[in-house]
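# Structural description and commentary
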Amino acid sequence: MTTAQKEKTPPPPAVSRIPPELLLQIFDHFDPNHNDTTAHLSATSTTASLRACALVCKRWNMAATRVLWRKPRVYDVTRFGKLVDVVEGHWKGSKVVEVDDPIPTDRSPTKSPKRMTVTYPYATYLSHLSLSPTLPETSRHSTDLSTHLSRLLSVTTLNLTSLDISFCK
């Protein structure tokens, strides 16, 4: 590339230059408070906004995905089974992206960002799972639910810090 071509290349858009740490802080505001039970009742209450953010660019996708997977909402046993499949890594459509500046990022001025392929470590993002406010009564005593829970809890890379299954007796 010649010097003249470099001068004509427009700078990257401002949205792609926002630091990942700041994106995570911003996207956290889309996530409802644990005590706000009404926010958990709608499948689209906050996830639609985060999904839209994830489509802006690859860096935003990484941050939004991290927030979406921190406290996923489960509305039926079939979807819970799919969530467990993804966490186990058996999902054929697992998310692989190429990024210039992965999260967490090293902001050292001596290092330039490297292009790399990242597979999302969904199991490490998942920290809170609350089935009680979102899972319908009809699904709460399903044998499939028990099977999926056992599979989820056997994932060695799982960073789950809270699991709400208070409906169990």
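Please read all numbers here as calculations on a predicted model, not as lab measurements. (Residues numbered from 1 in each chain as written. Predicted model: local features only at pLDDT ≥ 70, side-chain atom pairs only at ≥ 80, totals over all residues. Heavy atoms only, no water.)

## Quick word on the overall build of the protein
- Helix and strand counts for the protein come out as 7 helices and 4 strands.
- Taken across its 169 residues, the protein has 36% of its residues classed as buried.
- Summing over all exposed atoms, the protein offers an accessible surface of approximately 10400 Å²; the carbon and sulfur share of this is 57%. (Helix = DSSP H or I, 4+ residues; strand = E, 2+ residues; numbered from the N terminus. Buried < 20%, exposed > 50% of the residue type's maximum accessible area, 1.4 Å probe, protein only. Areas by Shrake-Rupley, 256 points an atom, 1.4 Å probe, with all protein chains shown as cover.)

## What to know about the confidence of the model for the protein
- This prediction gives the protein a mean pLDDT of 75; 69% of its residues lie at or above 70.
- Across the protein, helix H7 (residues 143-153) holds the top mean pLDDT of 93, while strand S1 (residues 96-99) sits lowest at 48.
- Counted against residues more than four places away or in other chains, residues 97-118, with its pLDDT under 50, gives 41 contacts. (pLDDT = per-residue confidence, 0-100. Contact = heavy atoms within 4.5 Å.)

## Let's talk about the packing of aromatic side chains
- Tallied over the entire structure, the rule returns 2 aromatic pairs.
- Look at Phe 27 and Trp 60: their rings are 5.5 Å apart centre to centre, the planes differ by 70°, and that puts the pair in the edge-to-face class. Of this pair, Phe 27 sits in helix H2 (residues 20-28) while Trp 60 is found in helix H4 (residues 58-70), placing the two residues 33 residues apart along the sequence.
- Judged by relative accessible area, which is 1%, Phe 27 ranks as buried.
- For Trp 60, a relative accessible area of 13% translates into the label buried. (Phe/Tyr/Trp six-rings, centres within 6.5 Å; stacked < 30°, edge-to-face > 60°.)

## Quick word on the side chain of Arg 140
- Looking at the secondary structure, you find Arg 140 in the loop between strand S3 (128-130) and H7.
- A polar contact is formed between the side chain of Arg 140 and the backbone oxygen of Leu 135, at a distance of 2.8 Å.
- In this view, Arg 140 contacts Ser 132, Leu 135, Leu 145 and Phe 167; residues no more than four positions away in its chain are not counted. (Polar contact = N/O pair within 3.5 Å; in protein donor to acceptor, adjacent residues only side chain to side chain.)

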